[in-house]
Amino acid sequence: MDGIAELRAKYLAEIGAAAGADALEGVRLAALGKKGEISLMMRELGRMSPEERQQAGPALNGLKDEIDAALRARKAALDDAALDERLKAEWLDVTLPARPRPRGTIHPVSQVTEEMAAIFADMGFAVAEGPQIETDWYNFDALNIAPEHPARQEHDTFFMHRADGDNRPPHVLRTHTSPVQIRALQDQGAPIRVIAPGRVYRMDMDLTHTPMFHQIEGLAIDRDITMANLKWVLEEFFSAYFGQRVKTRFRASHFPFTEPSAEVDIQCSWVGGQLKVGEGNGWMEVLGSGMVHPNVLRAGGIDPDEWQGFAFGMGIDRMAMLKYGIPDLRAFFESDLRWLRHYGFGALEAPSLHAG
Ligand code: PHE
């Protein structure tokens, strides 16, 4: 049997040399485990004479406690070292500026649509939606547009392809947001106050036209709504939208789905090639409108002897150009990042009635 002093020296050295938790556990088992060297020696005590035991007992117990304490201290030291390592590796300098990340912008059409929805919501209009691929019934017939009306001709309207022998009624890319009038009336009945912003399509492409553009439809039906309500709503809208009083001019016009019909101009000036809304004595046409035709109310399932109201349709893209001084419509849809960064809006520039 090794002497106590040798055991002590041996295990203290091994503990000191243990480089990790596993090695240390190995040393513990070798010394103090069930079959450890010191444990076995302690079991021998039973077989000793009382005199021998009196000698060896306290010495072995002392050794056991000392090795135990050394194991514990080494474990704590190893844990500390491991933590130090981790803290060094995971250290984070929160005072460093953040890494730049590419950020997108809100497209002016999205921004303006939100602005418009906020203003009309304040006047009690809810947002309604309809599909961009419409049946020709919703896009034309229900809106009192006769079969021979020029708007139906191929040169204006995109018709969906039909396979030979497919006899379903024709579908079109909606040419305006007016079919949402019918859908909203069918869904909600009267009274109703809705706006319907969205994409529309016409076969048209030049400086001021793109085959896809955006409109916002307005519809207000109740028992006693008149053109006067239409005028007030639109003037309120333009003033809120442009942030200043804007004069309007109603010109008699014709749409199959309204009677009477009016095109609406807003006051503007051209100074040094710069268009300014709300001043001067020029006029700029911005929308079509009128009192909803009885046939349209009927198509929407509403009794025209009981209900009446107005509708309007306005170009969103044009309104964005006017408010934010954007010169070229076609650039809206070219996805040029330089354009988007220049004219786009930040995510936090949320439209509100009180924003400048
Ligand atoms: N739908 C018409 C257009 O696209 C606009 C309009 C809407 C006119 C509602 C009157 C009433 O030109």
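Reading the values: the criteria
Residues numbered from 1 in each chain as written. Predicted model: local features only at pLDDT ≥ 70, side-chain atom pairs only at ≥ 80, totals over all residues. Heavy atoms only, no water. Helix = DSSP H or I, 4+ residues; strand = E, 2+ residues; numbered from the N terminus. Buried < 20%, exposed > 50% of the residue type's maximum accessible area, 1.4 Å probe, protein only. Areas by Shrake-Rupley, 256 points an atom, 1.4 Å probe, with all protein chains shown as cover. Lys, Arg positive; Asp, Glu negative; His and termini not counted. Charge placed at Lys NZ, Arg CZ, Asp CG, Glu CD. Near = heavy atom within 4 Å. Polar contact = N/O pair within 3.5 Å; in protein donor to acceptor, adjacent residues only side chain to side chain. Domains from an automatic or database assignment. Core = buried A, V, L, I, M, F, W, Y, C linked by side-chain atoms within 4.5 Å. Contact = heavy atoms within 4.5 Å. Salt bridge = Lys/Arg side-chain N within 4 Å of Asp/Glu carboxyl O. 1 Å grid on protein atoms, 1.4 Å probe; cavity = no way out; pocket = protein on both sides within 12 Å on 5 of 7 lines; lining within 4 Å. Points joined across faces, edges and corners; volume = space filled by probe spheres on them. Nonpolar A, V, L, I, M, F, W, Y, C, P; charged D, E, K, R; others polar.

**Student:** If you had to explain the overall build of the protein chain to someone new, which residues and values would you point to?
**Tutor:** Helix and strand counts for the protein chain come out as 11 helices and 10 strands. Considered along the principal axes of its C-alpha atoms, the protein chain spans approximately 125 × 55 × 45 Å. Every one of the 356 residues in the protein chain was classed for burial, and the buried ones make up 40%. Carbon and sulfur atoms make up 53% of the accessible area of the protein chain, which amounts to about 20,600 Å² in all. In the protein chain, the 38 positive side-chain charges and the 51 negative ones have mean positions that sit 5 Å from each other.

**Student:** Explain the site of the ligand residue by residue, including any values.
**Tutor:** Residues in close proximity to the ligand total 14 residues, the closest being His176, Ser178, Arg202, Gln215 and Gly313. Between histidine 176 and the ligand, the recorded distance is 3.0 Å, taken from a side-chain N or O atom to a nitrogen atom. A distance of 2.9 Å separates an oxygen atom of the ligand from a polar side-chain atom of arginine 202. In isolation the ligand exposes 330 Å². Once the protein is present, 90% of that is buried. Residue assignment for the shell around the ligand shows that the elements contributing at least two residues are strand S5 (212–222), strand S9 (282–292) and strand S10 (308–315). When residues of the shell around the ligand are assigned to their parent elements, the largest contribution, 3 residues, is made by S10.

**Student:** Explain the domain arrangement of the protein chain residue by residue, including any values.
**Tutor:** Under the domain assignment used here, the protein chain contains domain 1 (4–89) and domain 2 (108–343). For domain 1 versus domain 2, the distance between C-alpha centres works out to 87 Å.

**Student:** Describe the environment of glutamate 129, and please don't skip the residues or the numbers.
**Tutor:** Structurally, the position occupied by glutamate 129 is in the loop between strand S1 (126–127) and strand S2 (133–135). Classification of glutamate 129 as exposed rests on a relative accessible area of 69%. Expressed as a C-alpha distance, the spacing of glutamate 129 and aspartate 317, which sit 188 residues apart in the sequence, is 18 Å.

**Student:** Mind laying out the nonpolar core, listing which residues take part and the relevant values?
**Tutor:** Residues Phe120, Phe237, Phe238, Met314 and Met319 are the most contacted members of the largest nonpolar core, which totals 43 residues. Of all the secondary-structure elements, those providing two or more residues to this core are helix H5 (108–122), S5, helix H8 (227–242), strand S7 (258–271), S9, S10, helix H10 (316–324) and helix H11 (337–343). Among the elements that line this core, the one with the most residues is H8, at 7 residues. The residues touching phenylalanine 120, leaving out its near neighbours within four places in the chain, are Phe125, Ile195, Ile216, Val233, Phe237, Phe312 and Met314. Core analysis: the next-biggest nonpolar cluster, separate from the first, contains 24 residues, Ala128, Val172, Leu185 and Phe257 among them.

**Student:** Hey, could you go over the side chain of aspartate 317 for me, with residue numbers and the actual values?
**Tutor:** The residue aspartate 317 is located in helix H10 in this model. Arginine 199 provides the closest opposite charge to the buried, unpaired aspartate 317, separated from it by 8.4 Å. Excluding anything up to four places from it in sequence, aspartate 317 contacts Val109, Phe213, His214, Leu329, Phe332 and Phe333.

**Student:** I'd like to hear about the layout of surface pockets, residue by residue, with values.
**Tutor:** Considered as a void within the structure, the second largest pocket measures approximately 330 Å³ in volume. Lining the second largest pocket are 20 residues, and of these Val109, Thr113, Gly198, Arg199 and His214 sit closest to its centre. Elements with a contribution of two residues or more to the lining of the second largest pocket: H5, strand S4 (192–201) and S5. Looking at the lining of the second largest pocket, the element that brings in the most residues is S4, giving 4 residues. Per-class residue counts for the lining of the second largest pocket are 9 nonpolar, 8 polar and 3 charged.

**Student:** I'd like a description of the side chain of histidine 293, backed by residues and values.
**Tutor:** Examined against the element boundaries, histidine 293 turns out to sit in the loop between S9 and helix H9 (294–299). From its side chain, histidine 293 meets the backbone nitrogen of asparagine 295 in a polar contact 3.0 Å long.

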